[in-house]
Amino acid sequence: MKQKINIELEEEIFQKLHTTCKGDDEAIKEYIIQAIKHHISQDSLSDSSEDKENLEDYLNKGQSGSRNYGVKGQGW
């Protein structure tokens, strides 16, 4: 289901969009949709890389050979 959203743009941004899309309103809408999709996909990629870094930090916290190292059972 599509939802409608209204936003206000600064004049400079609107002029750049207008120039880039050659004044075509449908092209401007599609450009904005693609930019948002791209931004959201980049956010989800950065979130997953942060999770990996957190896991690496966790695994590196414990000393090798201790029972607190890594996941349960490692370091024995």
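Located above this text is the structure these notes cover.
Since we're looking at a predicted model, the values are computed, not measured.

1. Description of the overall build of the chain
In terms of helices and strands, the chain carries 2 helices and 0 strands. Out of the 76 residues belonging to the chain, those deemed buried represent 7%.

2. Quick notes on a nonpolar patch on the surface
There is a patch of nonpolar side chains on the surface, built from Ile5, Ile7, Leu9, Ile13 and Phe14 and spanning about 470 Å² of accessible area. Note that Ile13 resides in helix α1 (residues 11-20).

3. Things to note about the pattern of salt bridges
If you walk through the whole model with that rule in mind, you get 2 salt bridges. In this structure, Glu12 and Lys16 form a salt bridge, with 3.3 Å as the shortest nitrogen-oxygen distance. One end of the pair, Glu12, and the other, Lys16, are both in helix α1, 4 residues apart, so they sit about a helical turn from each other. In this pair, the class of Glu12 matches that of Lys16, namely exposed. Between Lys29 and Glu26 there is a salt bridge; the shortest N-O distance is 3.4 Å. In this pair, Lys29 and Glu26 both sit in helix α2 (residues 25-61), 3 residues apart, roughly one turn of the helix. Classification of Glu26 as exposed rests on a relative accessible area of 51%.

4. Some thoughts on the environment of Ser41
As for its position among the elements, Ser41 is in helix α2. A distance of 2.8 Å separates a polar atom in the side chain of Ser41 from the backbone oxygen of His38.

What counts and what doesn't
Residues numbered from 1 in each chain as written. Predicted model: local features only at pLDDT ≥ 70, side-chain atom pairs only at ≥ 80, totals over all residues. Heavy atoms only, no water. Helix = DSSP H or I, 4+ residues; strand = E, 2+ residues; numbered from the N terminus. Buried < 20%, exposed > 50% of the residue type's maximum accessible area, 1.4 Å probe, protein only. Patch = residues over 30% accessible without salt bridge, like charges linked within 9 Å, V, L, I, M, F, W, Y side chains within 5 Å. Areas by Shrake-Rupley, 256 points an atom, 1.4 Å probe, with all protein chains shown as cover. Salt bridge = Lys/Arg side-chain N within 4 Å of Asp/Glu carboxyl O. Polar contact = N/O pair within 3.5 Å; in protein donor to acceptor, adjacent residues only side chain to side chain.

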